[in-house]
Structures are given as structure tokens and as C-alpha cells.
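Take a look at the letters that make up each chain.
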Amino acid sequence: MLNLLIGILISGATLYLALLFKSVPLALLGFAQLLLLGAAVFYLAFLYSAVRCAVEIPLAAAEIGQPVAVRIRTYFRRGIDTRMVYRLSCANALGRKKTGRWLEAGPAGGGAERTYQYEIVPDSYGSYEVCLKKVRIYDMTGLFFISRRIKSRASVLVLPAIQETAVRLGALVRNFYADADIYDAERPGYDSSELFDVRPFRDGDKIQNIHWKLSAKTDSLLVKENSLPKACPLILLFDCQKKRVGKEALNAFFSVAASLSFSVMAAGCPHYAVWYSARLKELARMRVEDEEGLYLFLCRYMEEAGAQAPSDLTELYKEQYRGDAYCFSVLLNETLEIRVNGERTAKLDARRWKEGLQGLELEL
């Protein structure tokens, strides 16, 4: 709008000079300028309501150092041909520096839709959000424009590199039984609150296990089999404060965290991934027992990680999840120190963490 104000001031100055010097040509020039400004204002007002913009990213996940395509779709009414400039910002959810830039697109060519594409190259792991904040719409002369705020966002997840390490599970982990909210669909268990299957009555079965309603319908004694809770014998605690570490160390931390969770999952041990959530202001956890659970955990963790916990994560977990039984707790902090049940097991180098993982072996 500043250029419109400048145009009005110039037109007013021209008319003032025309009155001062009693010049007809200057007066005509002043009126022509005012007519041009009026036409530009009405045309820009029409464009303001006729244009719709949105930003999108075709890919949901990307790799570090690889270009990611970002598309800006602009929808017009037929017959519009105008110049537009877009204001975009890109930020990592982990709190890294936000970058912004103006992108210019040429005339629409009379079409109903224009697609403008540019690329971003992520240099760290995390969840990147690209936001289309503002668009400048120019008139036919290209001298005047009107700004319109846009609320359109698109995100892409840059997943950390995963390297499998050796994990040995002992009898304590393999034979771990405890209460849980998830039950085994293939093996019966001891939890009477959840029904696993129904079978015919056999000698030695307890009377309280008989399914009386179903037995009455089938005219035969049927016995309920209880379910087996699928408890997690292991919790993985991730403690990283983004303010304390640089970009290289933060990338190494996420890679080691993802590698540990993947290796424990690949060894056949379901576990809870635990971190202090910046959004919830408390501990958050997710169950990881397959690849789907692993990537869901990574997606959520990289959006909420980086906040400072009020106390030690292990003690905070015991307080928040009282009565939750487990065998081992594995803590990974921002210095890449791994502690199993409070005892230091390994210390990795942020620059050569892959070499450290190759020789690392966890015995649980």
C-alpha cells in the first residue's frame, strides 16, 4: 500500500503545482494520475477476492541433503493475467533458525491455475514446515500492488539414518509378564479381564471359567480362555536439550536414537520410547514393536523433542507411570552416553557415531 500512497502524494503535488502555476497540462497530468490510481485500486480490489493460494509438498518424508520440491498453487478467475510475489518461510520444529524469502512468479497467462515450484535442501533432521505467509498481487502496470495474508502450511519429515546394532535378549526379557493394555492375538494368558478364546469344557477346568451365556445357547459347556498381556520389558529414554548441542551433535543424537529403537525392535523386544514433550509439558511415550510404530514414534518425537525436563527422566517416568513394570531402562542423552539401569554402558563420538554403533552390543 506504500506505493499507492506515494502515487497519491505525487498526484496531489502535480495538481498543487498546476494550481500554483495555473498550468492546464499539469492539471491534466494530475487528473490522469488520479484516474490511473483509481483504476489500479479497483483492479487490485478485484484481484484480492479473485485469487486463492496454497502451498504443498508432494513427499511426506525426505532425506538430509536431498532437495525437496515445494509447490505453490494459485487459482484465478478466467482472464486474469497478473504478476505475483510470494513470501515463504521455512522452519524446523526443533527450533532451528527460521528462513524466509520472496519468490516471484510471472504472469498467469490467462489460465485458471498456476503452479510455481522451488526446492529446499534440509541440512538437519526434524520436521520442516513451509508456510506461505503473504502474497503481493500487482496491477496491470506492475507499479502498484496489494498484499494479502495467506495461512497455508505444508510439512515434510526428514528421517534420521538408521544403523542396526547388536542386541542380546536374556531370559528375563523373553519371559517377561506384566499387565498391559495390549493383548497377544496368538497366545492365551492369565488376564481374566480380556477374553482370548472359547473352547469346550475339559476335566480339570474351573467352574468360574465357564461361559454360561454361550453354553446355554449351544447346549454344551464352553470355557473362557484368558488373554496374554503384551507388556514392554524395556523403556528407551531420550534426553536431549536442543539449546545445549549444535546441529551436528543433534543429527547424531537422532540417528543413534532411531538406531537403538530399531535394533531393539528387530531383536523382537517391544518397548516404550519415552521423551519429555515440549508440547505437553510432560513425559510422552509410544509403544514400538514394528516398523509402523517406529516411524510413528520418530514423526512425533522430532516434532516435540528438545525441551528441558524438570528432573531426571527415569525418576519422572516412575512418578508419572506408577505401577508400570519393566526390566530395563536405557537412557540416551545429548552427549551420546548410553546408560542401562543407571549404569554407563557406552559413550559414542558425535562425529564417528556409526563406528561406535558397529562395535556396540547391548545385553538385556
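Predicted, not measured: the structure shown is a model, and the values here were computed from it.

(A) Seen up close, the side chain of Ser329. Note on placement: Ser329 falls in strand β15 (residues 328-333). Setting aside anything within four residues of it in sequence, one finds Ser329 in contact with Leu234, Ile235, Leu237, Arg339, Val340 and Asn341.

(B) Broad picture of helix α6 (residues 291-304). End to end, α6 covers 20 Å across 14 residues, agreeing with the expected 20 Å (1.5 Å per residue, within 8%). Listing the buried residues of α6 in full gives Gly293, Leu294, Phe297, Leu298, Tyr301, Met302 and Glu304. Mapping the buried residues of α6 onto a view down its axis gives an arc of 160 degrees, with all of them on the same face. Check the buried side of α6 and you find it contacts β7 (126-138), β8 (145-158), β12 (234-239), α5 (247-266), β13 (271-277) and β14 (282-288).

(C) Representation of unusual backbone geometry in the model. Positive phi, close to 60 degrees, is recorded for Lys281, a residue that is not glycine. Inspection of the secondary structure puts Lys281 in the loop between β13 and β14. We classify Lys281 as exposed; its relative accessible area is 59%. Backbone geometry places Asn341, a non-glycine residue, at a positive phi of 55 degrees. Tracing the backbone through its elements, the reader meets Asn341 in the loop between β16 (337-340) and β17 (343-347).

(D) Inspection of the pairing of β7 at higher detail. The pairing of strand β4 (residues 84-92) with β7 spans nine bridges and is classified as antiparallel. Looking across to β7, one finds that Met84 is bridged to Ile137. Direction of pairing for β7 relative to β8: antiparallel, over a ladder of 12 bridges. Bridge pairing in β8 links Gly126 to Val158. Adjacent in sequence and paired antiparallel, β7 and β8 are bridged by six residues, among which Gly142 carries a positive phi angle near 80 degrees.

Conventions we followed
Residues numbered from 1 in each chain as written. Predicted model: local features only at pLDDT ≥ 70, side-chain atom pairs only at ≥ 80, totals over all residues. Heavy atoms only, no water. Helix = DSSP H or I, 4+ residues; strand = E, 2+ residues; numbered from the N terminus. Contact = heavy atoms within 4.5 Å. Expected span 1.5 Å × (residues − 1). Buried < 20%, exposed > 50% of the residue type's maximum accessible area, 1.4 Å probe, protein only. Arc of directions from axis to C-beta. Pairing = 2+ DSSP bridges.

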